[in-house]
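In case you want the letters, here they are:
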Amino acid sequence: MSEVLDNLRYSEEHEWAQQGEGRVVRVGITDHAQHLLGDIVFVEFPEVGSAISAGDSVGSIESVKTVSELYSPVSGKVTKINDALEASPELINDEPYSGGWIFELELDGGYDEAVSGLLDAAAYRELIGE
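Predicted model only: the values in this text are computed from it and were never measured.

Looking only at helices and strands, the protein chain has 5 helices and 9 strands in total. Reading the secondary structure of the protein chain in the N-to-C direction produces β-β-β-α-β-β-β-β-β-α-α-β-α-α. The C-alpha radius of gyration of the protein chain comes to 13 Å, within 12% of the 14 Å expected for a compact globule of 130 residues. Projected onto its principal axes, the C-alpha positions of the protein chain cover 35 × 35 × 20 Å. In the protein chain, buried positions account for 45% of the 130 residues. Of all intrachain contacts in the protein chain linking residues separated by at least 6 positions in sequence, the fraction that spans at least 24 positions is 63%. Charge centroids of the protein chain, computed over 7 positive and 26 negative side chains, lie 5 Å from each other.

Dropping the structure here:
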């Protein structure tokens, strides 16, 4: 059974969004997604400073099984990437909601508006059949 945290919002593509300070949102992939991918060996990040829209393909995640697109669940400007994943991409497998976050962005608007189209924890559990 996959871990789903109640304080996050989720995309149907299995990314999560977490509210940070001000208009900053941290993004990663869900525990369910990392289980499906298997052992992650490489992460292609979005470029810091780039403006992205919700639903944009912003990178990829490579595992021993496959390569999967990484989509942004919200719109904004990329402000930071998780440099630790360059040397240790397996952090996504070990800690998908903490040390395995992928990037941060500054929202174009407010958090509630930005995540209004995303799933809450109950809806995400339903999506993945748990």
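Picking up after the structure, the text goes on.
This brings us to the nonpolar core. Counting 26 residues, the largest nonpolar core has Val25, Ile29, Ile102 and Phe103 as its most contacted members. Looking at this core, the elements that each hand over two or more residues are strand 3 (24-29), helix 1 (31-37), strand 4 (40-44), strand 6 (57-63), strand 8 (76-81), helix 3 (91-94) and strand 9 (103-107). Setting aside residues no more than four positions away along its own chain, Phe103 makes contact with Val25, Arg26, Val27, Pro46, Ile52, Val58, Leu70, Ser72, Val78, Lys80 and Ile81. The next biggest cluster of nonpolar side chains, apart from the first, holds 10 residues, and it includes Val4, Trp16, Tyr124 and Ile128.

Attention shifts here to the UniProt feature "modified residue: N6-lipoyllysine" (unreviewed entry) in the protein chain. Mapped onto this numbering, the UniProt entry gives "modified residue: N6-lipoyllysine" (unreviewed entry) at Lys65. Residue position: Lys65 is located in the loop between strand 6 and strand 7 (67-71). Excluding its chain neighbours within four sequence positions, the residues that come into contact with Lys65 are His35, Leu36, Leu37 and Gly38.

Conventions adopted
Along each chain, residues carry numbers from 1 onward, in the same order as the chain's sequence is written. Totals for whole chains, interfaces and linings use every residue, but because this is a predicted model, local features are given only for residues with pLDDT of at least 70 and side-chain atom pairs only at 80 or more, for both listing and counting. Calculated side-chain values reflect all of the structure's heavy atoms, with hydrogen atoms and water omitted. Only runs of H or I of at least four residues qualify as helices and only runs of E of at least two qualify as strands under DSSP, and these elements are numbered from the N terminus. Values of the radius of gyration come from C-alpha atoms, whereas the globule rule sets the reference at 2.2 Å times the count of residues to the power 0.38. Whether a residue is buried, partly exposed or exposed follows from its accessible area with a 1.4 Å probe, protein chains only, as a fraction of its type maximum: under 20%, in between, or over 50%, in that order. Pairs of residues are marked as contacts when any of their non-hydrogen atoms sit within 4.5 Å. The convention is simple: Lys and Arg are positive, Asp and Glu are negative, and His and the chain ends are not counted. Lys charges are placed at NZ, Arg charges at CZ, Asp charges at CG and Glu charges at CD. Definition of nonpolar core: a set of buried residues of the types Ala, Val, Leu, Ile, Met, Phe, Trp, Tyr and Cys, connected through side-chain atoms within 4.5 Å. UniProt positions are given in the numbering used here, feature names are shortened, and annotations may be inferred rather than shown by experiment.

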